[in-house]
Amino acid sequence: MSRCAYVSVCAVVLGCFPVGASRAGDPAKPMGEVEGLIAAADPGGTVVVPPGVYEGNLRITQPVILDGQGHAVLDGVGVGTVVEIRAPGVTVRGFTVRGTGENITVEPAAIRAIAGPVVIEDNTIEDALFGIDLRESPGSMVRNNLVHGKDLDPGRRGDGIRLWWSHGCVIEDNTVYGSRDLVFWYSENLRISRNRVSDSRYGLHFMYSHDTVLSGNDLARNSVGVYLMYSNRITLDGNTMRNNRGASGYGIGLKDCDDIVVANNALLANRVGVYLDNSPSSVGSTGLFESNTVVFNEIGLLATPITHDNVFTANILVENEEPAAAHGRGELTHNTFARDGVGNFWSDYAGFDRDGDGIGDLAYEPRSLFGAMLAREPNLRLFVHSPAQQAVEFTARALPELRPQATLVDPAPLVRPPNLKGSGAATTPLRTRAMAFGGLGLLLFAGATVGVFGRQAALGPAPRGDDR
Amino acid sequence: MTTINALAGERALPQARSFSGGTLAFARREFRDAVASRWFLLYTLAFTVLAVAVSFMSLSSVGTHGFAGFGRTTAGLLNLVMLIVPLMALTAGAGCIAGERERGTLLYLLAQPVSRTQVLLGKYVGLAAALVCSLCVGFGVSACVLAWRTGSVGFGAYAMLVCFTALLAMAMLSIGVLISVLSRRSSVATGVALFVWLTLVFLSDLGLMAGTLIFQLRVQEVFGLAILNPLQAFKMGVIVNMNASLDVLGPVGAYASQAFGDGLAFMLAATMLVWALVPLLAAVVLFARRGSA
Amino acid sequence: MIEAEGITKSFGRVEAVRDVSFTQPAGSAVALWGSNGAGKTTLIRCLLGVMRCRGSARIGGVDVRSRGRQARALVGYVPQELAFHDDVRLGSAILFFGGLRRVDGARVSASLASVGLAGHERKRVRDLSGGMKQRLALAIALLADPPLIVLDEPTSNLDAAGRGEVVQTLRMLKDAGKTLLFASHRPDEVITLADRVLVLERGAVERDTTAAELWPTEKPVQVIRLHLSMASEAHAARVLREAGHAVHLNGQGLCVAVPRDQKAAPIHTLACSQIQVRDIEMLDDVDIPEGTP
């Protein structure tokens, strides 16, 4: 028995450590080989690293284009930062980088730059506490990398991509999953496009980072999709935030951010579509929300009580359990829900459009008693989707004195959803067919049960008349 | 008349049919009667029309964009099921023994070589089969409509909805049968069934809401009390199967998902199974106590 | 065939059947005689195990309480009036009961034919005349060719012709060796069929006797039924008994057996005591079978 256990422990130990080496079939090479190649190259020249696993930590101190061509593996073997770029003008391309340390106090990263600009592209990063970390590395480009964090508790993970005082960077087409955040500290004028972040904490997280455009990013199953804090003049355009359902679970969260533009985004099945915490906070600044699609969230739009001066126009809010709500007893009436006579489409709007101009004749003023109760006692959310909830709302409708104040007023609600620009996967025909077959199957089953179970044994032939 | 002599000749003594055989005979008769009855057709029609209407309504708003998620579509269907199915099953169950007793047909049935347990179980099985049939028609038509209009619900989740609904129907039927056994008159049985329906659908939830507000109940308390109601168990079960997590139900749901994890769906299904079995068992025992086996 | 011991059944404080014990050998015919409310029907239900009671009953040696199904398999039961779902067709009704007794279709058809109902399979139960319903009940009772037939006032809802048919059928069954236990209101039936009469009064067996003893007949007798006001019935019975008439009070007037040539005598006797007779009914000719004590 104990011998058996000993053998299996050995197997596990062996299986854990020199993974790459045994897989490649070749013995691992020391990182010094790569350092040697760099030292031999001209400054700014291209170094192609031959296929193989290189173990150790790499310091790059001169401009170089380092190309792994997809077959070179840089393995830190669980110690510290794997690649550290200490000079501007470095490109790291086509590597698999893995095996950082785990001590979060020293923040070990797969690739760290402390000078800029640098280019980090087409790399695969796995088993890394921090993925790509740019510290004071302005003008850099991080493109088309795949980052997978260590399989740790979310609280002990590091960030997938982090920028620190790095202005003017481009972060695009990266895929990050199982990490903590994609976080941007004190970095301005960024372009963040078409990144995919999933199963992490904050999909995109801004701290004190201004004047940036985020477009076409896909943030799924994170705790929060995009969380902007103390960051101004940011545009979110055409991003998709779906199934972000952590403890706070915001599709987009804004805390003390001025002059934000949120347009053409799709916010699907998050706990809260858009969360506004005192944004905008400065006098004279505004927030603009235009043409976003907010669907299947528990709360479409949630705001702290004092939130004001946001403009909402041409948004589509469909099938959110609560379209809009304010924390506590607050209300959203200090925000504007129509611009130039164009309001938003609310799927629970019950008014009419007599003149056919596409604008409802009655203002949209949601007054949900159940919503008001929810604001007081969140535990009551257990009772949503039940007839009892309908009963509460019905009672409130029947007894106007029970009706709470309207949480918001949209004076020009749209009666038809405007054309969507947000993304949304079309239903596959396969699923449709399964549904059709399923439906027919159920009907057949019902018929067969009636046929078999309800079969009436006949006794003799049916008589032609009653004359017998 | 002359054949009687021939019939009454010497032969082996007649035997009672096997337990399951007799039960099945009752089940089939009950099923046939139910399927041919007006209430059954009416309920089936109402359920089908409403289910299709809900599917249509929900599809007309987002169907063309094909977003998936747990929205008001499913919620609407869920609400509908939670209103109609218990009503249907409770009243059907309430009528099954009390009605026969009132018409005087029960004693004649019991004078046959059957046991009371067989009569009751047979009726239960027959009615349950009829209810499942009715649900299959409603859900089937609705699924066809969803398919035709490119549905946004996966069929697996939909099938689970049907299964859970069938379980709900059986639980409610079982309560209805118990009411029927306890009531002397069928009007009383129907009245009690309606009251129980009202209680399960509205009053208990409203009471629990008030309790939560007044006593500031903790999440585990709210969850524990809510799960006692088979309708809540049904709702949570459906949501768990569609969403893999109960977090749409706020802190209480999140607590449940965290505390019970993957076992939650089984736990909810088991709760409903208990609701299906215990009242039925009680009905069998009470009914059998009034006569011999 | 029947062994009853200490059968007692109370509804609340009222004892409907009090400590009834009797043994009925196979092949015999026993009549239960008594006024309405004397406990005939309750006793029959207890014997069949349809109702729970104290004491013990065995049918063909099978205990009714513990093995009711097997015991009832030996019994064909005919109620006062067949109570069955009204809109069921005759054919499917009898097939259902056949299904409970493991009887095949051919046998069902034969049974229907034996009571003259062949060809009526498509009729609904509600469209049957009283006589046809009772014949259907008989057909159902005879389906499995049981050795014991229990009848609860099988003719009380029938006209003279219907009664005649039923009595004739029973007579044939008796001749074929069946055991009969029946409750009746009619002396003529009792005299024709019963070897033995149990007179029930307030739930207890008052007399265990024969028809001949109940209605002594040296001369040919005619049984007449006198209809009086309810209040005077008991008084009238006493007066008639004092005048030497055989009287029986059974809830549907006063039955008096009188010599054929003195049919007016009881009316005269009553008139002398200022008791008014509302109506007189000649009961069918009583045919006392030869060899019956």
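Note that the structure is predicted; figures quoted are calculated from it, not measured.

Calculation rules
Residues numbered from 1 in each chain as written. Chains lettered and ligands numbered in written order. Predicted model: local features only at pLDDT ≥ 70, side-chain atom pairs only at ≥ 80, totals over all residues. Heavy atoms only, no water. Helix = DSSP H or I, 4+ residues; strand = E, 2+ residues; numbered from the N terminus. Rg over C-alpha atoms; globule rule 2.2 N^0.38 Å. Buried < 20%, exposed > 50% of the residue type's maximum accessible area, 1.4 Å probe, protein only. Areas by Shrake-Rupley, 256 points an atom, 1.4 Å probe, with all protein chains shown as cover. Lys, Arg positive; Asp, Glu negative; His and termini not counted. Charge placed at Lys NZ, Arg CZ, Asp CG, Glu CD. Contact = heavy atoms within 4.5 Å. Domains from an automatic or database assignment. Salt bridge = Lys/Arg side-chain N within 4 Å of Asp/Glu carboxyl O. Polar contact = N/O pair within 3.5 Å; in protein donor to acceptor, adjacent residues only side chain to side chain. Nonpolar A, V, L, I, M, F, W, Y, C, P; charged D, E, K, R; others polar. pLDDT = per-residue confidence, 0-100. Pairing = 2+ DSSP bridges. Phe/Tyr/Trp six-rings, centres within 6.5 Å; stacked < 30°, edge-to-face > 60°. Lys NZ or Arg CZ within 6 Å of the ring centre and 35° of its normal. Patch = residues over 30% accessible without salt bridge, like charges linked within 9 Å, V, L, I, M, F, W, Y side chains within 5 Å. Axes fitted to C-alpha atoms, helices over the stretch in contact; angles between N-to-C directions.

Side note on the overall build of chain C
Counting its regular elements, chain C contains 10 helices and 14 strands. Over its C-alpha trace chain C gives a radius of gyration of 20 Å, about what one expects of a compact globule, namely 19 Å for 293 residues. In terms of overall dimensions, chain C has C-alpha extents of about 60 × 40 × 40 Å along its principal axes. Every one of the 293 residues in chain C was classed for burial, and the buried ones make up 59%. Taken as a whole, chain C presents about 11800 Å² of accessible surface, with 47% of it coming from carbon and sulfur. Positive and negative side-chain charges in chain C, numbering 37 and 34 respectively, have mean positions lying 7 Å apart.

Overview of the overall build of chain A
A count of helical and extended segments in chain A gives 6 helices and 36 strands. Relative to its full complement of 468 residues, chain A shows a buried share of 54%. Residue pairs in contact within chain A that sit at least 24 positions apart in sequence constitute 52% of those at least 6 positions apart. Summed over its atoms, the accessible surface of chain A is roughly 19900 Å², and 56% of this surface lies on carbon and sulfur atoms.

Some thoughts on unusual backbone geometry
All names here are of chain A. In this chain, Gly116 is followed by Pro117 through a cis amide linkage whose omega measures 0 degrees. If you trace the backbone, Pro117 turns up in the loop between strand 8 (109–113) and strand 9 (118–121). Of note, the bond from Ser279 into Pro280 is cis; its omega dihedral lies within 30 degrees of zero at -5 degrees. Note that Pro280 resides in the loop between strand 29 (272–277) and strand 30 (287–290). The phi torsion at Gln69 lies on the positive side, around 50 degrees, for a residue other than glycine. Among the secondary structure elements, Gln69 is positioned in strand 5 (residues 64–75).

Remarks on the domain arrangement of chain C
Residues and elements named next belong to chain C. Its domain assignment divides chain C into domain 1 (2–213) and domain 2 (217–282). Each of domain 1 and domain 2 has a C-alpha centre, and the two are 30 Å apart. In this complex, domain 1 contributes 8 residues to the contact, which on the side of domain 2 involves 8 residues. Our count for the domain 1 to domain 2 interface comes out at 0 salt bridges. Linking domain 1 with domain 2 are 0 residue pairs in polar contact (both at pLDDT 80 or more), by the criterion used here. Looking at side-chain class alone, the side of domain 1 that touches domain 2 contains 3 nonpolar, 4 polar and 1 charged residues.

A word on the pattern of salt bridges
On inspection of all chains with the given rule, the structure shows 41 salt bridges over all chains. Residue Lys150 of chain A is joined to Asp127 of chain A by a salt bridge in which the shortest nitrogen-to-oxygen separation is 2.9 Å. Taken together, the residues Lys150 of chain A in the loop between strand 13 (146–149) and strand 14 (161–164) and Asp127 of chain A in strand 10 (residues 124–128) connect sequence positions 23 residues apart. When its relative accessible area of 6% is taken as the criterion, Lys150 of chain A is described as buried. Its relative accessible area of 37% is what places Asp127 of chain A among the partly exposed residues. Notably, a salt bridge pairs Arg185 of chain B with Glu102 of chain B, separated by 3.9 Å at the nearest N-O pair. In this pair, Arg185 of chain B is assigned in the loop between helix 7 (155–182) and helix 8 (186–215) and Glu102 of chain B in helix 4 (residues 72–103), connecting sequence segments 83 residues apart. Overlapping salt bridges bring together Glu107, Arg112, Asp133, Arg135 and Arg162 of chain A as one network.

Overview of the confidence of the model for chain C
With 94% of its residues at a pLDDT of 70 or more, chain C has an overall mean of 81. With a pTM of 0.75, the predicted complex shows an ipTM of 0.79.

Here's the deal with the pairing of strand 10 (residues 204–209) of chain C
Residue and element names in this part refer to chain C. Looking at chain direction, strand 9 (residues 196–201) and strand 10 are connected through 5 bridges and run antiparallel. For Glu201, the partnering residue across the bridge sits in strand 10 and is Ala204. The antiparallel pairing of strand 9 with strand 10 creates a hairpin that spans 2 residues between the two strands, and Arg202 there sits at a positive phi of about 45 degrees.

A closer look at the packing of aromatic side chains
Per the stated rule, a full pass over the model turns up 26 aromatic pairs over all chains. A connected cluster of aromatic rings, assembled from ring pairs, spans Trp164, Trp165, Trp185, Tyr186, Tyr208 and Tyr230 of chain A. For Arg201 of chain A, the ring lying beneath its charged end belongs to Tyr202 of chain A, and the centroid distance is 4.6 Å. Arg29 of chain B extends its terminal NZ or CZ atom over the ring of Phe96 of chain C, reaching a point 4.7 Å from the ring centre.

A look at a nonpolar patch on the surface
Together, Phe195, Leu198, Leu203 and Leu206 of chain B make up an exposed nonpolar region whose accessible area comes to about 340 Å². Take Leu206 of chain B: it is sitting in helix 8.

Looking at the sheet that holds strand 10 of chain C
Residues and elements named next belong to chain C. Read from one edge of the open sheet, 6 strands run 6-7-8-3-9-10, paired in mixed fashion. Among the strands making up the open sheet, the edge pair consists of strand 6 (75–78) and strand 10. Taken over all neighbouring pairs, the strand axes of this sheet differ in orientation by 15 degrees on average, direction set aside. Its contacts with the sheet put helix 1 (residues 40–48) on strand 3 (29–33), strand 6, strand 7 (148–152), strand 8 (179–184) and strand 9, and the angle it makes with strand 7 is roughly 150 degrees.

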